[in-house]
Structures are given as structure tokens and as C-alpha cells.
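Observations on the model geometry
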Amino acid sequence: MKAKLFGRLAAAAVLLLSAATATAYDFEVNGIYYNIGYWNNTASVTYKGDSFDTYDNEYSGAVTIPSEVTYEGIPYSVTSIGSEAFSYCSGLTSVEIPNSVTSIGDFAFQWCSGLTSVVIPNSVSSISGYAFAYCNNLAMVFYNATNCTIGTSYSSVFNTNCTFVIGENVTNLPDNLLFSNFSGKIVSLASVPPAISATTFPSSATVYVSPDSYTSYWMDEKWGKMAIEEISTPVTSIALNAESLHITTTTKSASLEATVTPADATLKDLYWTSSDPSIATVDQNGLVTRRREGSATITVNAIDGSGAMATCQVTVDAIIAESLELSPAELSLSPNKSYRINAIYTPDDISSKNFEWSCSDEGVATFIKNLDGSITVTAIADGNATITCRTTDGSNLTATCEVTVVSESLELDPSEITLSIKQTAVINPVFLPVGTPNRPCEWSTSNAGVAPFRANSDGSITVLGAADGVATITCRTTDGSDFTATCTVTVGTGAVDGIEADAVTVRAENGVIRVEGVDGARVEVFNTAGVCIYSGTDTEIYVPQRGLYVVKVAGRATKLAM
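Quick summary incoming for the structure in this document. (Residues numbered from 1 in each chain as written. Predicted model: local features only at pLDDT ≥ 70, side-chain atom pairs only at ≥ 80, totals over all residues. Heavy atoms only, no water.)

Turning to its location among the elements, Ser100 is positioned in the loop between strand E7 (92–96) and strand E8 (103–104). Since its relative accessible area comes to 18%, Ser100 is described here as buried. Each residue touching Ser100, except ones within four places of it in the same chain, is listed here: Ser67, Ser77, Val78, Thr79 and Ser123. (Helix = DSSP H or I, 4+ residues; strand = E, 2+ residues; numbered from the N terminus. Buried < 20%, exposed > 50% of the residue type's maximum accessible area, 1.4 Å probe, protein only. Contact = heavy atoms within 4.5 Å.)

Right, here's the structure in full:
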């Protein structure tokens with residue numbers, strides 16, 4: 001037993017150390033993030049990042065917190081909602097807190113502006129300061145905690161204009177439960193006035209109670225300081241404008257309208273719930289919003305303790321993709337390198353995100369599927385392959401990513417260059433494929449008298465045409481990869497008037513430039529703007545119009561008038 005206890009303590013210590021140096025959470029299951037408690041396999045709901053504001057809206061829509069969660073084969077009881085766990089998650093529309101939760105931390109739901117209702121279960125024994133601060137659309141709070149304390153440094157905030165319903169089994173209420181400027185309604189379903197302090201509720205509040213309980217509340221020393229209203233005319237029935245709703249792929253929401261009987265009921269406030277918020281949610285105005293394909297029951301209840309209710313069956317069709325593309329659409333990798341490819345689709349709430357992926361040539365690239373629906377591509381060998389993604393929801397959409405696998409190499413830009421005396425040019429190292437990080441290099445020239453160079457701070461060099469001739473500039477990596485690339489630099493005088501130079505003769509005749517005395521040498525013809533109009537090994541070059549031309553061959557330049 002001692003050995004087992006020591007092992008648990010050691011494991012807890014490792015987890016605490018790792019959590020302190022890594023992220024704020026210890027594990028994630030079904031989109032909810034948890035920290036592991038100190039004892040007895042407990043877990044606390046927390047935020048995703050290093051702090052509560054690292055991510056925007058990591059929690060959105062309807063969130064159902066489980067009473068127990070299993071991670072790596074170990075079950076954990078979910079006993080708390082940590083400080084700032086849902087803070088600033090404006091996209092959170094509803095949260096279901098299980099009866100296993102005993103504490104709700106500081107600022108746990110602050111600025112959750114999309115939250116319209118919350119039920120505090122009877123298991124909660126402490127709510128820390130500002131747990132529901134600035135939840136400006138919180139319309140309904142059901143408070144069932146039977147023995148709860150409120151943080152002393154702050155007041156636990158519930159919206160100033162909400163309806164606050166006290167459960168029938170509540171026997172005492174803590175200090176500072178509502179803000180002093182609370183302007184909503186308090187409805188107590190407890191037949192016996194729960195014990196309260198002078199600061200539990202503002203004295204200006206109005207409390208609604210059953211006729212049988214009116215006298216005891218009115219007589220109570222603390223409750224009697226507030227305005228006590230008798231629910232003299234309870235709700236007898238509720239009728240909905242529809243017994244069923246069908247939400248199709250083209251509609252995202254539908255409204256339900258409730259009619260209360262009698263029309264002069266003391267409290268007409270209603271509470272709306274969904275049997276499965278993962279399929280369809282409902283706000284406190286009766287607006288039903290689709291989440292995924294399936295069926296759910298929407299229930300509306302009177303809050304006056306009468307038990308009046310009505311239901312509507314909701315069917316949500318599958319939401320199919322309307323567009324699909326891959327990011328990136330083109331990818332260049334070297335062998336053994338990997339990259340993530342994501343499917344981008346609209347609308348973002350499609351029912352099926354289970355895509356079919358394929359590769360046209362697994363000898364060039366392979367892939368594995370990731371839990372978030374993306375894939376990771378790994379390059380195998382030089383070549384080209386097409387990654388194809390296909391929807392499986394009946395929309396039959398496809399998207400592709402063209403993958404090019406190229407072994408890492410080094411090239412120089414340019415690889416050939418012709419300079420005149422004192423002319424300079426920049427030569428850049430280019431590492432392929434695109435995206436390959438630069439490597440350290442050393443440079444050399446085969447003839448510093450013809451083409452010397454100097455290094456630039458960005459890794460390039462600047463070469464100078466110093467004298468007639470040809471030189472080879474060599475670039476070699478120095479990190480052990482041993483990549484080498486060269487650039488041939490030809491330097492000529494650029495202004496020789498004579499027709500004959502050594503054994504080479506260049507002359508003009510009837511609109512044709514004739515080169516004699518050299519065989520297979522490269523001939524370049526430039527116009528007066530410096531544009532090369534011909535480059536090749538022909539010895540007869542046709543010139544389309546009269547003018548002045550410069551012919552370069554065998555390291556010499558000849559100026560000709562046509």
C-alpha cells in the first residue's frame with residue numbers, strides 16, 4: 001500500500017512539474033481541457049493555452065461537461081471548473097455542469113456574452129469571485145446548491161436583470177450572492193425560507209413565492225425586508241406554435257413561440273432546454289439553432305413551480321459541404337521532410353468532416369491522418385504526386401494539392417554572366433526546393449585577375465569585371481552537406497572597332513552578320529539598347545533592320561554598322 005501511495009505521489013509531482021513548464025492543461029478529451037487534481041483521480045476543467053487569453057473562443061456553442069473522463073486508461077472524476085476556464089468565450093451559448101462539480105473558480109465564466117442560462121447543481125459547495133461577471137445576456141439562473149459559500153474577495157456575479165430561481169431543496173444561501181444593483185426577479189421554490197444573511201440579496205429585490213409560503217417569507221426577519229410577491233395566478237398550460245421543427249441544410253435556425261395560459265399569470269417567465277445541445281440548442285427566447293444531424297426535444301417549462309410545460313420535436317438534416325479546397329494547394333519538399341495539409345470547407349458546421357484522402361504516387365509521397373482532420377505528408381523520393389481530398393457527405397467535392405519532391409540542391413543565380421570592364425553583378429545562392437533554409441557557404445574564383453568578388457551581408461557576392469577573359473565563381477556549403485554550384489563569368493572590352501581580331505573575323509554583308517575563323521563558339525548580338533537579340537553558335541545571323549550592333553565572340557566585342 002505504501003509503495004502504491006508513493007507511486008501516485010511521484011506521478012502527481014511529475015504532472016505538476018510538466019504542467020508548470022508546458023501548457024496550462026494536462027490533457028484534452030472531446031474538446032475540453034483538464035488539469036489533474038492532487039488526490040483521488042480528480043480533474044478540473046481549464047483553458048487551452050498558457051493563459052486564459054492565449055486563444056479566442058476555445059469553447060463555443062453548447063458545452064456539456066462530463067461527470068467523469070478517462071485519459072490513458074485512467075478515469076478521473078470532474079470535480080471543479082478552474083479559474084478563468086471559460087473566460088471571454090463569447091461564443092459559448094450553453095454549459096451543462098454535472099452534479100460531480102463542487103467548486104467554480106474565480107472569473108470562470110466572465111465575459112461569456114453568449115451564455116443565456118445556467119444551472120448550478122446541488123453538488124457545488126463554493127463559487128469564487130466574479131465567476132459569472134459580465135455575462136450580459138444571462139437571462140436565467142437556476143440555483144440548486146444546498147450548502148455553498150461565495151468567495152470573500154469579490155462578489156459572485158449574476159446578471160443584473162436575470163431571473164434567479166432558487167430550487168425547492170435549498171436550505172441556505174451564502175453572503176454576496178447577487179450584485180447590489182440587481183434588478184431582476186428572484187423566484188423561490190423552497191417552501192421554507194432558506195437561511196440568508198443581510199448581504200445575500202439587495203433589499204430592493206422582489207421575491208416571488210407560492211401562496212402557501214407567502215406568510216413565512218413575509219414574517220422572516222431578513223426575507224421580509226424585501227418585496228414579497230405571491231404567485232397567486234400560476235401558469236396552467238403552455239402552447240407552442242409548432243409541435244415539430246425540421247431544420248434543413250439551407251436553414252440554420254428556427255423560432256418557437258410559446259403562449260401561456262392564463263394570460264394574467266403572475267409569472268410568465270419560461271425556461272427553455274434541449275435534450276441534446278450537440279444537435280440543437282435553444283436560447284431563452286425560443287430560438288432553436290442547428291449543431292449537427294439528428295433529433296432532439298425542445299422543452300419549455302414555467303418557472304413558477306406549477307409544472308406547466310410543452311415540447312417540440314426537432315429534426316436536423318445533414319449539413320453538406322458547399323466548397324472544398326486544400327491549404328496549401330502546391331507543396332515542394334525534399335525527401336524525408338513532412339508538412340501538414342488542411343481541408344478548408346464551407347460552411348464550417350458541416351455534419352461530416354470525415355474526408356477520404358489519397359495519393360497518386362506513394363513512391364513519391366505518403367501521408368497519415370491527424371485527429372483534427374488534416375493530414376501530414378512525408379516526401380519519399382524525387383518526383384511529383386497529387387494529394388486528393390474527397391467529401392463523404394454526398395456533396396462529392398474534391399480538392400487537390402500538387403506535391404513536388406526535389407532533393408536539396410544548390411544553384412547560383414545567374415549561372416552565366418557577361419560583364420564589360422568595371423561592370424559589376426550580384427550572384428545569389430539559391431537552395432532548392434523552395435523553402436529550404438539557407439546554409440553557410442564559402443566562395444572562390446578561378447581567376448581573380450578577371451573576376452574578383454566581395455561578400456555581401458545577405459549571403460550573396462558582388463563580382464567585378466576586371467580584365468578580358470573567363471572565370472568560374474564557385475560556391476560550396478560548409479555545414480557538411482557539401483553542395484557546390486558555379487557561375488561562368490565572361491569579361492570583354494565591349495568596344496573594339498576592328499573587323500579582325502586574332503583568327504576571328506566578324507563582318508556585315510547584305511543584312512547578315514558573318515562570323516569566320518571560329519567554329520562552335522557562342523555568338524551574342526546586342527542592339528544599341530544593350531538587349532541581346534541573338535545568342536547561339538550560328539556563323540550567319542540575319543539582322544532585321546539597319547542600325548549599330550555589338551557582336552561578342554571568343555571574349556572579343558566588335559561594333560558593326562548595318
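Relative to the assigned elements, Cys475 resides in strand E40 (residues 469–477). Separated by 48 residues in sequence, Cys475 and Ile427 have C-alpha atoms that sit 9.9 Å apart. Once residues lying within four places of it in the same chain are set aside, the contact partners of Cys475 are Leu410, Leu412, Pro429, Cys441, Glu442, Trp443, Phe483, Thr484 and Ala485.

Formed by 60 residues in total, the largest nonpolar core has its most connected members in Ile81, Phe86, Ile104, Phe109, Phe164 and Phe201. The dominant element in this core, judged by the number of residues it contributes, is strand E2 (residues 32–36), at four residues. Once residues within four sequence positions are removed from consideration, Phe86 is found in contact with Val45, Tyr59, Val63, Ile65, Ile81, Leu92, Ala108, Phe109, Gln110 and Cys112. Grouped together as the second largest cluster of nonpolar side chains are 25 residues, Val235, Ala308, Val314 and Val316 included. (Core = buried A, V, L, I, M, F, W, Y, C linked by side-chain atoms within 4.5 Å.)

The next subject is the sheet that holds strand E22 (residues 280–282). Sheet architecture is open: three strands sit in the order E19-E23-E22, paired in antiparallel fashion. At either margin of the open sheet sits one strand with a lone partner, and together these are strand E19 (253–255) and E22. The sheet shows a mean angle of 20° between the axes of neighbouring strands, direction not considered. (Pairing = 2+ DSSP bridges. Axes fitted to C-alpha atoms, helices over the stretch in contact; angles between N-to-C directions.)

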